[in-house]
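A look at the structure
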Amino acid sequence: MRLLYQAGIFVYSFFAKTATLYNSKARQFVRGRKNWQKSLAAKIETNARYVWFHCASLGEFEQGRPLMEEIKSRFPEYRIVLTFFSPSGFEIRKNYNHADIILYLPLDTKKNAKSFLRMVQPEIAFFIKYEYWYFFINELKKREIPLYIVSAIFRKDQYFFKDNLLGKWYRNMLHKTTHLFLQDKNSAELLHSININNYTISGDTRFDRVATIAQNAREIPIVEKFKNSKILLVAGSTWKPDEELLADYANKNPEIKMIIAPHEVDHDIINRLETMFMHSIRFSKLTEEEAGNYHVLIVDSIGMLSSIYKYGHFAYIGGGFGAGIHNILEAATFGLPVVFGPNHQKFKEALDLINTGGAYPVEDAGNLDRILSALVNNSSKRRLASEICKNYVAQNTGATHHILKKVFNI
């Protein structure tokens, strides 16, 4: 299995390099890892004490962020090394001020794992949610460096639970972790079924993160003027299939204000949105004098969405017509009922809120129209869903405290 894994890493690397000819993210992926040892050596401080956090991408970073910031606050003697696998995480958070060193995770080879850990010599390692890299985990175990998996969640269809050689090989990686902090009871039962018991059900650290976001949300007066006392739908992290449904609804219902923040804000996407949505304007071109005259506001920069949610009455979260929905908790923490596409089954918070009446999945334009119209026209329904969302977040905070208590014995 190890040889097959090595071959898989080699093939992945080959295709990533080939894709640099036509794909900007592939170029970032490859260039970001070029000369990583030299880059890391220039940043390492002799005799410093390091804690290593690894996140796949931006979503996992947001899960790890409360823990990083608490460690920085409580244990200033530690430096934090933060690695990302994906360009969409690294490029957005490469200047995050609570980490001392930020870089791409080197590809998972035996040589890279040995070099990285020899240079950093972390005292503790945290992998967020689901990143399992064989050679890095192996080397951490050999060096007796504690490895904690944070906000882990498991499903029965994952390799760990297959009754074959591949399943056994993957399970072996779990045995090499020091402790797994799980999101839910179902994950605990799955691990117990394969004789892995080094876990705690601590919850999801994202709840702590979004609760902090709500407390620290900044005022954006021009958004209040755009809203102009109307019903406001905030659409966050949208992709083209989401936007096609939303444009159909917005153009038929101009009395509803809409703010749309696409997942990517490059020039072509913003231009496309301007042609799709009638009476729309980019945020960067909006003036206070004319703010109330537009029906749709297109956010053409990053970093604003989490504060914009506070102005909404309900939210549409993108991704549900693709790989999966984006973070619905950022909207729910402000008490916004959430609407999203059909691909949400892997997201516990989505299923929880659907079952309790705070979230609504949609499959097509007609379905979206019926659900949004019900939320617009029935203020009691909207208020109830709002309370459900807000209470759901409040009742699930505290995972960061549980993890700190276990890891640092505080």
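Fair warning: this is a prediction, and the values are worked out from it, not measured in the lab. (Residues numbered from 1 in each chain as written. Predicted model: local features only at pLDDT ≥ 70, side-chain atom pairs only at ≥ 80, totals over all residues. Heavy atoms only, no water.)

1. Remarks on the overall build of the chain
Scanning the chain from terminus to terminus reveals 19 helices and 14 strands. Taken against the 2.2 N^0.38 rule, which gives 22 Å for 410 residues, the C-alpha radius of gyration of the chain at 22 Å falls within 12% of a compact globule. Within the span of the chain, comprising 410 residues, buried residues form 54% of the whole. Residue pairs at least 24 apart in sequence account for 65% of intrachain contacts in the chain once pairs closer than 6 positions are excluded. When the accessible surface of the chain is split by element, carbon and sulfur atoms take 50% of a total near 19,000 Å². Each charge sign in the chain was given a centre, from 53 positive and 41 negative side chains, and these centres are 7 Å apart. (Helix = DSSP H or I, 4+ residues; strand = E, 2+ residues; numbered from the N terminus. Rg over C-alpha atoms; globule rule 2.2 N^0.38 Å. Buried < 20%, exposed > 50% of the residue type's maximum accessible area, 1.4 Å probe, protein only. Contact = heavy atoms within 4.5 Å. Areas by Shrake-Rupley, 256 points an atom, 1.4 Å probe, with all protein chains shown as cover. Lys, Arg positive; Asp, Glu negative; His and termini not counted. Charge placed at Lys NZ, Arg CZ, Asp CG, Glu CD.)

2. A closer look at the sheet that holds strand 12 (residues 314-317)
In spatial order, the strands read 10-11-9-8-12-13-14; together these 7 strands make up an open sheet with parallel pairing. The open sheet has two edge strands with one neighbour each: strand 10 (280-282) and strand 14 (359-361). On average, each strand axis in the sheet is tilted by 20 degrees relative to the strand beside it, whichever way the strands run. (Pairing = 2+ DSSP bridges. Axes fitted to C-alpha atoms, helices over the stretch in contact; angles between N-to-C directions.)

3. Comments concerning helix 2 (residues 24-33)
What helix 2 keeps buried is the set Ala 26, Phe 29 and Arg 33. Projected down its long axis, helix 2 carries its buried residues within an arc of 60 degrees, all on one side. The opening residue of helix 2, the one whose side-chain oxygen lies 2.9 Å from the backbone nitrogen of Lys 25, is Asn 23. Downstream of helix 2 by a residue or two, Asn 35 has a phi angle that is positive, lying close to 55 degrees. (Arc of directions from axis to C-beta. Polar contact = N/O pair within 3.5 Å; in protein donor to acceptor, adjacent residues only side chain to side chain.)

4. Points about the sheet that holds strand 2 (residues 78-84)
In spatial order, the strands read 3-2-1-4-5-6-7; together these 7 strands make up an open sheet with parallel pairing. Each having just a single partner strand, strand 3 (101-104) and strand 7 (199-201) make up the two edges of the open sheet. When the angles between neighbouring strand axes are averaged without regard to direction, this sheet yields 20 degrees. The pairing of strand 5 (residues 147-152) with strand 6 (residues 179-182) spans 3 bridges and is classified as parallel. The residue bridging Ile 149 from the neighbouring strand is Leu 180, located in strand 6.

5. Here's the deal with the side chain of Thr 177
Structurally, Thr 177 can be placed in the loop between helix 8 (165-175) and strand 6. Looking at Thr 177, its side chain comes within polar contact range of the main-chain oxygen of Leu 174, at 2.7 Å.

6. Some details on the pattern of salt bridges
Throughout the structure, instances matching the rule amount to 21 salt bridges. When the shortest N-O distance is used, the salt bridge between Arg 79 and Glu 45 registers 3.3 Å. Of this pair, Arg 79 sits in strand 2 while Glu 45 sits in the loop between helix 3 (36-43) and strand 1 (49-55), and the two are 34 residues apart along the sequence. Overall, the relative accessible area of 25% leaves Arg 79 in the partly exposed class. (Salt bridge = Lys/Arg side-chain N within 4 Å of Asp/Glu carboxyl O.)

7. What to know about the nonpolar core
Here is a general trend for soluble globular proteins: nonpolar side chains tend to be buried in one another's company. Core analysis: the largest hydrophobic core is formed by 45 residues, its most contacted members being Trp 52, Phe 116, Tyr 132, Phe 154, Leu 174, Leu 180 and Leu 191. Looking at this core, the element that brings in the most residues is helix 7 (residues 134-142), giving 5 residues. Every residue in contact with Trp 52, bar those within four places of it in the chain, is listed here: Val 81, Thr 83, Leu 105, Phe 116, Leu 117, Pro 122, Ile 124, Ala 125, Phe 126, Phe 127, Phe 136 and Leu 140. The next biggest cluster of nonpolar side chains, apart from the first, holds 42 residues, and it includes Leu 286, Met 304, Leu 353 and Val 393. (Core = buried A, V, L, I, M, F, W, Y, C linked by side-chain atoms within 4.5 Å.)

8. With respect to a nonpolar patch on the surface
Residues Phe 10, Val 11, Phe 14 and Phe 15 make up a contiguous nonpolar surface patch of about 450 Å² in total accessible area. Residue placement: Phe 10 occurs in helix 1 (residues 2-19). (Patch = residues over 30% accessible without salt bridge, like charges linked within 9 Å, V, L, I, M, F, W, Y side chains within 5 Å.)

9. As for the pairing of strand 8 (residues 232-238)
With 7 of 7 residues buried, strand 8 lies mostly within the body of the structure. Where strand 8 and strand 9 (residues 257-262) come together, 6 bridges link them in parallel fashion. Of the residues in strand 9, the one forming a bridge with Leu 233 is Met 258. The parallel pair strand 8 and strand 9 is bridged by helix 12 (residues 240-252), and the resulting crossover is right-handed. (Right-handed = clockwise from strand over helix to strand, strands pointing away.)

10. Re unusual backbone geometry
Where the residue is not glycine, phi is negative for most of them; where a peptide bond is considered, it is trans in most cases. The phi angle at Asn 228 is positive, at roughly 55 degrees, despite the residue not being glycine. Among the structural elements, Asn 228 can be located in the loop between helix 11 (221-227) and strand 8.

11. Overview of the pairing of strand 12
Of the two faces of strand 12, the one lined by Phe 314 and Tyr 316 and the one lined by Ala 315 and Ile 317 are each fully buried. As paired strands, strand 8 and strand 12 are joined by 4 bridges and run parallel to one another. Opposite Ala 235, over in strand 12, you have Tyr 316 as the bridge partner. Bridging between strand 12 and strand 13 (residues 338-340) involves 3 bridges; their strand directions are parallel. Residue Ile 317 lies in a different strand from strand 13, and its bridge partner there is Phe 340.

12. Focus on the packing of helix 4 (residues 58-74) against helix 19 (residues 399-408)
Remark: helix 4 packs on helix 19, axes separated minimally by 10 Å, with the N-to-C direction vectors making an angle of 55 degrees. Here helix 4 lies oblique to helix 19, going by the angle between them. Crossing of helix 4 against helix 19: the hand is right-handed. Residues Pro 66, Leu 67, Glu 70, Ile 71 and Arg 74 of helix 4 lie in contact with helix 19, whose contacting residues are Thr 400, Ile 403, Leu 404 and Phe 408. Here the residues of the contact of helix 4 with helix 19 are counted per class, giving 6 nonpolar, 1 polar and 2 charged. (Parallel < 35°, antiparallel > 145°, perpendicular 65-115°, else oblique. Left-handed = near helix turned anticlockwise from the far one by under 90°. Nonpolar A, V, L, I, M, F, W, Y, C, P; charged D, E, K, R; others polar.)

13. Considering the packing of aromatic side chains
Taken as a whole and assessed by the stated rule, the structure comprises 31 aromatic pairs. Geometrically, the ring pair formed by Phe 29 and Phe 85 is edge-to-face, given 5.4 Å between the ring centres and 75 degrees between the ring planes. Here Phe 85 lies in the loop between strand 2 and helix 5 (87-93) and Phe 29 lies in helix 2, a separation of 56 residues in the sequence. Geometrically, the ring pair formed by Tyr 78 and Phe 408 is tilted, given 6.3 Å between the ring centres and 55 degrees between the ring planes. Of the two residues, Tyr 78 is situated in strand 2 and Phe 408 in helix 19; the sequence distance between them amounts to 330 residues. Just as Tyr 78 is buried, Phe 408 falls in that class too. Taken together, the ring pairs in this structure connect Tyr 5, Tyr 132, Tyr 134, Phe 135, Phe 154, Tyr 159, Phe 160, Phe 161, Trp 169 and Tyr 170 into an aromatic cluster. (Phe/Tyr/Trp six-rings, centres within 6.5 Å; stacked < 30°, edge-to-face > 60°.)

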